[in-house]
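Reading the structure
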Amino acid sequence: MKTVRALIISVLLLIVGSSTQVWAQEPQHEEKPAKPEKQAKPEQRQPPQNRDHEQNRQQERMQREREQTQQQQQQQQQQRIQEQRQHQVDQQQERLQQQRQREQTQQQQRVQEQPQDQLTRQQQNRIEQERQQNQQQQQRAQEQRQQQLNQQQANQQQQERMLQQNQRNQNQRNRDQQEQQRQLAQQQWQQQQHQHEQQERLSQQRQQQLIQQQQQRLSAYRQRLDEQQGRLQQQNAVLQQQRRMAQYRFQQEYLEHLRDQDRRLREERHDYNSDPFFYTAPIYRYNRGGSYYEINQYGADTLRQAVNYGYQEGFRAGEADRQDGWRPEYDASYGFQDATYGYNGYYVDPEDYRYYFREGFRRGYEDGYNNQYQYGYYSNGSYGVLGNVLSLILNLQSLR
């Protein structure tokens, strides 16, 4: 404000100084020539004293008029200067006022704009915070939904596992009951068989015939074992080329078992005369290929063993093909083609053993490939066929 006042005073001084110079330079108005006096008529001519007196008065009057005129002119000039000064001052004040108004307006605009900018930034910050909060809420809601879904899936899986465990427990109880019944029936049968053995024995001639058949059968079986081991090695090489590693591992174990069987047969020294099979009379008959065959208890146990071993190896073969992602084809497995796993060469013909081994193998392969236990069970590290399925496969008919 001090700067504005100093500026106004300076401008006024400049205006006053310039106005004074203009007034000083203006030319003074010349006095108007006095009007010539009218000549008096001759007949009214005044005396000389009166005439001088009249002239003096006229001169005084004229002098007064000139002075009045000069005063009026000076007053008018001063008035014009004053008006000009006032006009300049008014213009200057008006410009200053306008300048102040513009500055005030700009200042107000700046003051108004600054809160508006701050308000805009605050609104943007609030909007951004609300957006982030909404995103966080949506994310938390999604996480909660995912957790609930995971919990539901976990609960469902837990329920399924519990149901499966209950089913396995029930199957195990059923198998245990069947096993107990089988063992009890076997004990009863053994007791009865022992009594029959005491009462009945095969003739010496029949015993010798059975021993000769067994020796011929055993010799042929040994020769066949050598051939089968060579074929199995060739098939293992094919499996390696096909990258069926699970099936390859299964057949490697099958090959090792065949080698163990061959080694045991070569090292064994069998006492035929003390073996009860060769003097025990048949008590069952079975039908295979439209023909009936008679066997004793030892032969029946061997056929049961063939079915169970077949189911075990079939389950492992089907499981291996499933792990390799291979199509189901149980008859392409070497275990099915060989069908002598667990056979020791005694008590039943090799063809009978292979027939019942394949019956168990086919059912075990289906369970293993489908990862189920429809025909058999697993207990204490070994596989077996369910009792009702085993009875249906063997269909043994008692001779007594």
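Residues numbered from 1 in each chain as written. Predicted model: local features only at pLDDT ≥ 70, side-chain atom pairs only at ≥ 80, totals over all residues. Heavy atoms only, no water.

Some remarks on the overall build of the protein
- Regarding its fold elements, the protein presents eight helices and five strands.
- Secondary structure of the protein in N-to-C order comes out as α-α-α-α-β-β-α-α-α-β-β-α-β.
- Counting all 400 residues of the protein, 28% fall into the buried class.
- Residue pairs in contact within the protein that sit at least 24 positions apart in sequence constitute 74% of those at least 6 positions apart. (Helix = DSSP H or I, 4+ residues; strand = E, 2+ residues; numbered from the N terminus. Buried < 20%, exposed > 50% of the residue type's maximum accessible area, 1.4 Å probe, protein only. Contact = heavy atoms within 4.5 Å.)

Digging into the side chain of E313
- By secondary structure assignment, the location of E313 is in helix α5 (residues 297-324).
- A distance of 2.9 Å separates a polar atom in the side chain of E313 from a polar atom in the side chain of Q312.
- Among the polar contacts made by the side chain of E313, one reaches the side chain of R316 at a distance of 3.3 Å.
- The residues contacting E313, other than those within four sequence positions of it, are F250, Y254, Y341, F357 and F361. (Polar contact = N/O pair within 3.5 Å; in protein donor to acceptor, adjacent residues only side chain to side chain.)

Here's the deal with the nonpolar core
- By size, the foremost hydrophobic cluster in this structure holds 36 residues, and its most contacted members are Y254, L303, V307, Y356 and F357.
- Of all the secondary structure elements, the ones that give two or more residues to this core are α4 (245-267), β1 (284-288), α5, α6 (334-338), α7 (350-370), β4 (382-385) and α8 (387-394).
- With near-sequence residues (within four places) excluded, L303 lies in contact with Y286, I295, V348, D352, Y356 and L394. (Core = buried A, V, L, I, M, F, W, Y, C linked by side-chain atoms within 4.5 Å.)

Some thoughts on α7
- The end-to-end C-alpha separation of α7 is 30 Å, in line with the 30 Å expected for 21 residues at 1.5 Å each.
- Between a side-chain oxygen at the N-terminus of α7 and the backbone nitrogen of E351 the separation is 3.0 Å; the capping residue is D349.
- At the C-terminal side of α7, N371 shows a positive phi close to 55 degrees. (Expected span 1.5 Å × (residues − 1).)

As for the packing of aromatic side chains
- Summed over all chains, the structure comprises 20 aromatic pairs.
- By way of ring pairs, the aromatic residues Y330, F336, Y343, Y353, F357, F361, Y365 and Y369 are connected into one cluster.
- R285 extends its terminal NZ or CZ atom over the ring of Y292, reaching a point 4.2 Å from the ring centre.
- In this structure, R358 is placed above the aromatic ring of F336, and the distance from its NZ or CZ to the ring centre is 5.6 Å. (Phe/Tyr/Trp six-rings, centres within 6.5 Å; stacked < 30°, edge-to-face > 60°. Lys NZ or Arg CZ within 6 Å of the ring centre and 35° of its normal.)

Thoughts on the pairing of strand β3 (residues 376-379)
- Examined bridge by bridge, β3 and β4 share four bridges and lie antiparallel to one another. Across the sheet, residue Y378 finds its bridge partner in β4, namely Y383.
- Between β3 and β4, which pair antiparallel and follow one another directly, the connecting turn spans two residues, one of which, N380, has a positive phi of 55 degrees. (Pairing = 2+ DSSP bridges.)

A few points about the pattern of salt bridges
- Overall, the coordinates contain 12 salt bridges when judged by the stated rule.
- Notably, a salt bridge pairs R363 with E359, separated by 3.0 Å at the nearest N-O pair. Of this pair, R363 and E359 both sit in helix α7, four residues apart, which is roughly one turn of the helix.
- Several salt bridges share partner residues, and in doing so they unite E253, E313 and R316 into one network. (Salt bridge = Lys/Arg side-chain N within 4 Å of Asp/Glu carboxyl O.)

Here we look at the side chain of T340
- Relative to the elements of secondary structure, T340 occurs in the loop between α6 and α7.
- Look at T340 and you get buried, because its relative accessible area is 1%.
- Polar contacts involving the side chain of T340 include one to the side chain of D338, which spans 2.5 Å.

Describing the confidence of the model for the protein
- Of all residues in the protein, 70% attain a pLDDT of 70 or more, and the chain-wide mean is 77.
- Taken as a whole, residues 26-43 scores under 50 in pLDDT and shows eight contacts with residues more than four places along the chain or in a different chain. (pLDDT = per-residue confidence, 0-100.)

Thoughts on the sheet that holds strand β2 (residues 291-295)
- Read across the open sheet, the three strands follow the order β2-β1-β5; overall the sheet is antiparallel. The open sheet has two edge strands with one neighbour each: β2 and β5 (397-398).
- By the bridge criterion, five bridges tie β1 to β2 in an arrangement that is antiparallel. Looking across to β2, one finds that R285 is bridged to E294.

Things to note about the packing of α5 against α8
- The contact between α5 and α8 brings their axes to 11 Å, and the two run at 120 degrees. One finds that α5 runs oblique with respect to α8. Both α5 and α8 take part in a crossing whose hand is right-handed. For the pair formed by α5 and α8, the contact residues are L303, R304 and V307 on the first element and L390, I393 and L394 on the second. (Axes fitted to C-alpha atoms, helices over the stretch in contact; angles between N-to-C directions. Parallel < 35°, antiparallel > 145°, perpendicular 65-115°, else oblique. Left-handed = near helix turned anticlockwise from the far one by under 90°.)

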